[in-house]
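Here is how the chains run, residue by residue.
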Amino acid sequence: MALKDILPSRLGFGAAPLGNMFRAIPEAEALATVEAAWNDGIRYFDNAPFYGAGLAEIRMGEALKGKPRDAYVISTKVGRIVLDEIDQAPRDNGEKGDVFANGRPNKVINDYSRDATLRSIEDSLKRLQTDHIDIVWVHDVAQDFYGDEWLAKFEEARTGAFDALDRLRDEGVIKAWGLGVNRVEAVELLLDLDGPRPDGSLLAGRYTLLDHDRALERLMPKVAERGLGIVVGGPYSSGALVGGPNFEYAPAAPKILAKVAAIKAIADRYGISMKAAGLQFSLANPAVAAVIPGASRPQRIAEDTAALNDVIPADFWRELRKAGLVSSAAPLPV
């Protein structure tokens with residue numbers, strides 16, 4: 001089944017901030033943020049054990065436990081097992097550094113085997129307080145997390161997680177599976193395999209207004225041609241696009257900040273919010289099934305919903321393209 005047939009809407013909720021990403025979020029604020037998303041009509045929620053060592057899943061499970069389960073879609077990820085024991089050693093999270101330093105202190109181990117995949121799903125079901133998960137992404141099998149060892153990790157996932165998820169999908173236990181990564185190359189490699197058969201992937205940060213060239217050239221045509229779909233995570237590029245200090249989970253480089261300033265100068269002239277420009281750009285590509293911005297405050301949800309519905313004049317996009325701020329090949333909103 002195509003992702004677009006599974007997902008209830010084109011705007012979803014990215015739960016990474018619920019795991020205390022970058023800051024310690026009060027419990028009440030986290031639950032209120034999920035409730036605000038629900039009240040605004042959002043019915044797709046993405047999560048992962050990695051987010052705060054299970055904290056994001058626990059909070060989302062608590063927030064959604066009274067909602068009718070057939071009214072919404074949940075995706076979560078495999079590849080990490082959250083243990084009961086406390087982690088004493090510093091964590092090596094690759095380029096993600098210590099973004100979840102304020103999460104739970106539980107030890108997290110990386111394991112993409114078949115048995116670990118099944119255990120991860122069982123653990124997520126408990127934390128999320130649900131009886132099924134709709135979509136499962138294989139998390140972070142890419143160079144940003146594993147460096148030169150990423151291909152070995154990918155092979156571990158190919159012979160373990162991929163096969164297990166393919167079978168669960170064919171048996172109707174889950175509806176879809178794919179990768180949940182921050183790098184284009186991993187998704188390309190998955191699509192080049194003779195089997196198993198993914199339904200799409202979650203690609204974070206690689207099809208955004210600030211960074212889209214490689215995905216546009218190498219990945220999106222292949223995804224569209226096969227009738228698959230991409231869920232765009234991190235459409236605001238870790239917040240850099242909307243005035244935040246971070247890009248790719250770290251302080252933004254001067255080059256990125258200059259690009260943001262150039263886009264914002266044009267957006268300000270047209271009275272357009274950067275959120276509207278970012279969300280609508282990502283969704284204009286026919287291969288994109290949904291975008292899932294993260295939020296940690298209830299008011300951010302209303303901003304995202306409004307941004308999706310803002311009317312942006314075609315001249316704005318033409319001006320961005322003329323200034324070299326958008327690829328000449330990128331599909332633009334109409």
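As a reminder, the structure under discussion sits directly above these lines.
Residues numbered from 1 in each chain as written. Predicted model: local features only at pLDDT ≥ 70, side-chain atom pairs only at ≥ 80, totals over all residues. Heavy atoms only, no water.

Attention shifts here to unusual backbone geometry. In this model, G195 is joined to P196 through a cis peptide bond whose omega is -5°. Locating P196 in the fold gives a position in the loop between helix 7 (184–192) and strand 8 (200–204). Unusually for a residue other than glycine, N20 sits at a positive phi of about 65°. Along the chain, the position of N20 falls in the loop between strand 1 (13–14) and helix 2 (27–39). At A53, a residue that is not glycine, the phi angle is positive and equals roughly 55°. Along the chain, A53 turns up in the loop between strand 2 (44–46) and helix 3 (55–64). (Helix = DSSP H or I, 4+ residues; strand = E, 2+ residues; numbered from the N terminus.)

Axis separation between helix 4 (residues 114–128) and helix 6 (residues 150–170) bottoms out at 7 Å; the angle between their running directions is 55°. Classified by the angle their axes make, helix 4 and helix 6 are oblique. The hand of the helix 4/helix 6 crossing is right-handed. Contacts between helix 4 and helix 6 involve R114, T117, L118 and I121 from the former and G160, A161, A164, L165 and L168 from the latter. (Axes fitted to C-alpha atoms, helices over the stretch in contact; angles between N-to-C directions. Parallel < 35°, antiparallel > 145°, perpendicular 65-115°, else oblique. Left-handed = near helix turned anticlockwise from the far one by under 90°. Contact = heavy atoms within 4.5 Å.)

Pairing within the open sheet is parallel, and its 8 strands lie in the order 1-2-3-6-7-8-9-12. Two strands in the sheet have a free side with no partner beyond their single neighbour: strand 1 and strand 12 (288–292). Pairing between strand 8 and strand 9 (residues 229–233): 5 bridges, direction parallel. Residue pairing in the sheet places G200 in a bridge with G229 of strand 9. (Pairing = 2+ DSSP bridges.)

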